[in-house]
Amino acid sequence: MKTNLILPRFIQFCLLIGVTFLFDSCKDLKNLDPGKDIKLIMNYKPADSFVEAQVKDAKTGNLILDKINIEIIGKESANIINFEGEAKTTYTKKGPSIYLGLRNVTPTATQPVDFKIIISVDGYLTSSRDVSLKGVNNPPVEILLVKASTPPVGSAVQQGTITNSATTGSSQDNSIVAVNGQNSTIVEVDKGTVMKDKNGATLSGALQTTVATFSGQSSESAKAFPASNTTVLSKGPNGEANVKGTLVPSVFAAVEMKATNGSKVSTFSQPVDISFEISPNRINPKTKQKVKVGDEFPIYSYSESTGVWTYEKEGVVVSRGNELFVTFPTSHLSWFTLADFIISNSSSTFNVKVTFNSDGSVSAASYPCSIEAFYAPTEEGGEPSIQNISTEIKKNSGGSGYTLDLENIGLNVTKLVLKVNFGVGTQVFEVTRSNGTMSSTNFTFKTSTNKNKTIFINVTCENDKPLEIKPYNVGIEGTLLSPVNWSFLGNVSYDSGDNKIKLITSLPDGVDMNFRSVAYPDYTKIINTGTTETFTVPIQLTKDHPLCK
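Worth saying up front: this structure is predicted, and the values here are computed from it rather than measured.

## Focus on the packing of aromatic side chains
Point 1. If you walk through the whole model with that rule in mind, you get 16 aromatic pairs.
Point 2. Note on Phe214 and Trp335: the rings are 5.7 Å apart at their centroids and 25° apart in plane angle, and the pair reads as stacked. Residue Phe214 is found in strand β17 (residues 205-215), and its partner Trp335 is found in strand β26 (residues 335-343); the two are separated by 121 residues along the sequence.
Point 3. Its relative accessible area of 0% is what places Phe214 among the buried residues.
Point 4. Trp335 gets classed as buried once you look at its relative accessible area, which sits at 1%.
Point 5. The rings of Phe214, Phe225, Phe252, Tyr302, Trp309 and Trp335 are connected pair by pair, giving a single aromatic cluster.

Following this line, the structure appears as C-alpha cells:
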C-alpha cells in the first residue's frame, strides 16, 4: 500500500507541508517502512503571475526544439523567474517553451509589467518580443524566428563573403542583393572600409554577410517583424524621446556580418549604404503625389541587443536603372525598416470594441486572439501592408459574453481579421472599415457541439521516483488528431473551493484529442474526451528534467 505525503503550493520557496497517512489497520502502522512506498505529491505553482512563450519557425510554424538563448530586459527583469523558480536575465535552455513568472510585483490592467525578451537560436535570425503582464493569467505568446536557409513566403535571405584587412579594411567594393519577390534590398560596402566589433576590435579575414529582406505586404513575412502593435521609439522623427506608436512596415531587413570566430560587425570606419526598392506608384504622404527622385522617407532601426526601436534618419529616393530605391547611409548594423509610424493619439488612431456572444458551454476567463490589421496600400493598385497583433478576448464582468478591446489602431486600417483560439481549432471573424465606419463588431461563438470539461493534470518522472507533480498557473493546449491545429485551452489553476488543480474548458464529446502543457510541449498525450465531464492528462518527464532530479 502506498502512502501519500502531500506538499501543497510552492516547491522551492514556500512549502506548506501537510502529511496524510492512509492505513487499513493498526498492522499497517506497525509495519510501516518510512523509506518505502511513500508517494510525494506536490501542488506546484512556479509564480503568482505568469506568461508562457513558445519559439516557432516563422515559415513552418513548427516548434523549435534546439537550444535557445534568452535575454530578458526591463525594469522588473530581476523579478522574472523560470519554471524552476530561478531568477535569470540571461540563460540558455532547450526549446521551445519559455516560462516567464513574476514575483514580488502584482500586475494589473492599469499598471502592467512590461519587459522585452530577446531570443537567438543557431541558424536563425535573432528577434525579440514585447511582453506585457496585466494580471495573474496571461495568454501565451509566440516568438517567430526566421531560419536563414528557409525563410517564409515574402522574404529572402542572401549570404556572401567580404574580405577585410585589419589595416586596410575591405579589399574591394562589395554589393550584396537580396530579393524577396516584391522588392530588393541592397547593401554596399566601399573598398577600404574597416569593420569593428562591439568592443572596438578590428575584424579581419572573411566576414560572412547575411542580408534578410521582408515584404510588409506578405502575411507570412510580416509575422517576422520584431515589433508589437504598440512600439516605443527611443527617438522619434522629430527628436522626441520615448514616443509611443505603431510601426507599419513596407519593407524591412536584417543585416549581419560576422567573422569566423563568431564576432559580429558592429560599426564601420565609414558609412555603408542600404537601399530599399520601392514602387514608382508609391504615394509620398507629404506631397500626396507619386514618389520621385529626391523625395525623402523616414528609416527606423532596431537594436538586437537592447530590443529598442529608434528613428534612424531620412532615406532619399534615387534611381538605379529602371527602378527606384530609398537609400540611406549607416555606420552600424541591425534591423532597418521603411515604415509609417503612427503616433498613438486621438487624432491618428482609433479604438474598437468587439463583442462575442456565447452559450453556457463557454467558461474560460479569456481566449487568445491573433489579429491581422490590413492598412491601406501605400501605392496605387498596390497590396496593403499587414500588421500582426497578439492579444486576448476577456469574459465580461457580468459573466455573460466576451469583449475584445483594441486600442491605437491606425486610421488607415481597412480590415481586421480576428483569429480566436477557442476550444479546439480557430474561429475567424472579420471587421471592415470604410469612410471611418466599422462593420458589425458583434459575433457569436459556434459552441453548440461542445461541453464544459474539467481537465486534471498529473506529472510523473520516468525514473520511477515516487513523485507526482500537480502544476498550476500553467497553460494547456489541445488539438484534434486531424487536422493538427494546436489551440490554447486555458490555464490550469488552483480551486480553493474544492482544493483541486484543474482547468475547465469547452470540448467536444467522445473525440480523440492530443494534449500537451505549454511548459512541456515535448510530452503529448492522446486521450478520448469521452462523455464524462472530467478526465486527467498524464505527463511523464524524462529523468534528467530539473523537477525530477
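## Side note on the nonpolar core
Point 1. Counting 30 residues, the largest nonpolar core has Met195, Met257, Val265, Phe276 and Leu338 as its most contacted members.
Point 2. Those elements that place two or more of their residues in this core are β14 (174-179), β15 (184-189), β17, β19 (241-258), β20 (267-278), β23 (296-303), β25 (323-332) and β26.
Point 3. For this core, the element with the highest residue contribution is β20, accounting for 5 residues.
Point 4. The contact partners of Met257, leaving out residues within four places of it in the chain, are Ile162, Val187, Val189, Met195, Gln208, Thr209, Ser263, Lys264, Val265, Phe268 and Leu333.
Point 5. By size, the runner-up hydrophobic cluster in this structure holds 29 residues, among which are Ala47, Ile455, Ile501 and Ile539.

## Here's the deal with the side chain of Ser275
Point 1. Residue placement: Ser275 occurs in strand β20.
Point 2. Classification of Ser275 by relative accessible area gives buried; the value is 0%.
Point 3. Side-chain polar atoms of Ser275 contact the side chain of Thr327, separated by 2.8 Å.
Point 4. Setting aside its immediate chain neighbours within four residues, Ser275 contacts Ser184, Thr185, Ile186, Glu188, Arg320, Phe325, Val326 and Thr327.

## Some remarks on the sheet that holds strand β30 (residues 402-410)
Two pairing modes exist for strands in a sheet, parallel and antiparallel, and in both the strands are linked by backbone hydrogen bonds.
Point 1. Taken in spatial order, the 8 strands line up as β33-β32-β31-β28-β29-β30-β27-β34 in an open sheet, and their pairing is mixed. The sheet is open, and its two edges are formed by β33 (437-438) and β34 (442-444), each paired on a single side.
Point 2. Two elements, strand β28 (residues 366-375) and strand β29 (residues 385-395), share 10 bridges in a ladder whose sense is antiparallel. Directly across from Ile371, in β29, lies its bridge partner Ile389.

## Some details on the pattern of salt bridges
Point 1. Scanning the model with the defined rule gives 10 salt bridges in all.
Point 2. Where Lys286 meets Glu314, a salt bridge forms, and the shortest distance between an N and an O atom there is 3.5 Å. One end of the pair, Lys286, is in the loop between β21 (283-284) and β22 (289-290); the other, Glu314, is in strand β24 (residues 308-320), with 28 residues separating them in the sequence.
Point 3. Asp509 is the salt-bridge partner of Lys453, the closest N and O atoms lying 2.5 Å from each other. Here Lys453, found in strand β35 (residues 450-461), pairs with Asp509, found in the loop between β39 (500-508) and β40 (512-517); they are 56 residues apart in sequence, far enough to count as distant.
Point 4. Classification of Lys453 by relative accessible area gives buried; the value is 1%.
Point 5. Taking relative accessible area as the criterion, Asp509 reaches 25% and is therefore assigned partly exposed.

## Thoughts on the confidence of the model for the protein
Point 1. Confidence in the prediction for the protein averages 81 pLDDT; 87% of positions are at 70 or higher.
Point 2. Residue range residues 1-35 is modelled with pLDDT below 50. Its contacts to residues more than four positions away, or to other chains, number 56 contacts.

## A look at the sheet that holds strand β4 (residues 49-57)
Point 1. Taking strand neighbours across the sheet as the criterion, the 4 strands line up as β6-β8-β4-β11 in an open arrangement whose pairing is mixed. Two strands lie at the open edges of the sheet, namely β6 (80-81) and β11 (141-145), each paired on one side alone.
Point 2. Where β4 meets strand β8 (residues 97-102), 6 bridges bridge the pair, whose relative direction is antiparallel. Residue Gln54 lies in a different strand from β8, and its bridge partner there is Ser97.

## Section: the environment of Phe374
Point 1. On the secondary structure map, Phe374 appears in strand β28.
Point 2. Taking the relative accessible area as the measure of exposure, Phe374 reaches 13% and is therefore buried.
Point 3. Between the C-alpha atom of Phe374 and that of Asn412, which follows or precedes it by 38 residues, the distance is 8.6 Å.
Point 4. Sequence-distant contacts of Phe374, that is, excluding residues within four places in its chain, are made with Pro384, Ser385, Ile386, Asn412, Val413, Thr414, Lys415 and Val417.

The rules we used
Residues numbered from 1 in each chain as written. Predicted model: local features only at pLDDT ≥ 70, side-chain atom pairs only at ≥ 80, totals over all residues. Heavy atoms only, no water. Phe/Tyr/Trp six-rings, centres within 6.5 Å; stacked < 30°, edge-to-face > 60°. Helix = DSSP H or I, 4+ residues; strand = E, 2+ residues; numbered from the N terminus. Buried < 20%, exposed > 50% of the residue type's maximum accessible area, 1.4 Å probe, protein only. Core = buried A, V, L, I, M, F, W, Y, C linked by side-chain atoms within 4.5 Å. Contact = heavy atoms within 4.5 Å. Polar contact = N/O pair within 3.5 Å; in protein donor to acceptor, adjacent residues only side chain to side chain. Pairing = 2+ DSSP bridges. Salt bridge = Lys/Arg side-chain N within 4 Å of Asp/Glu carboxyl O. pLDDT = per-residue confidence, 0-100.

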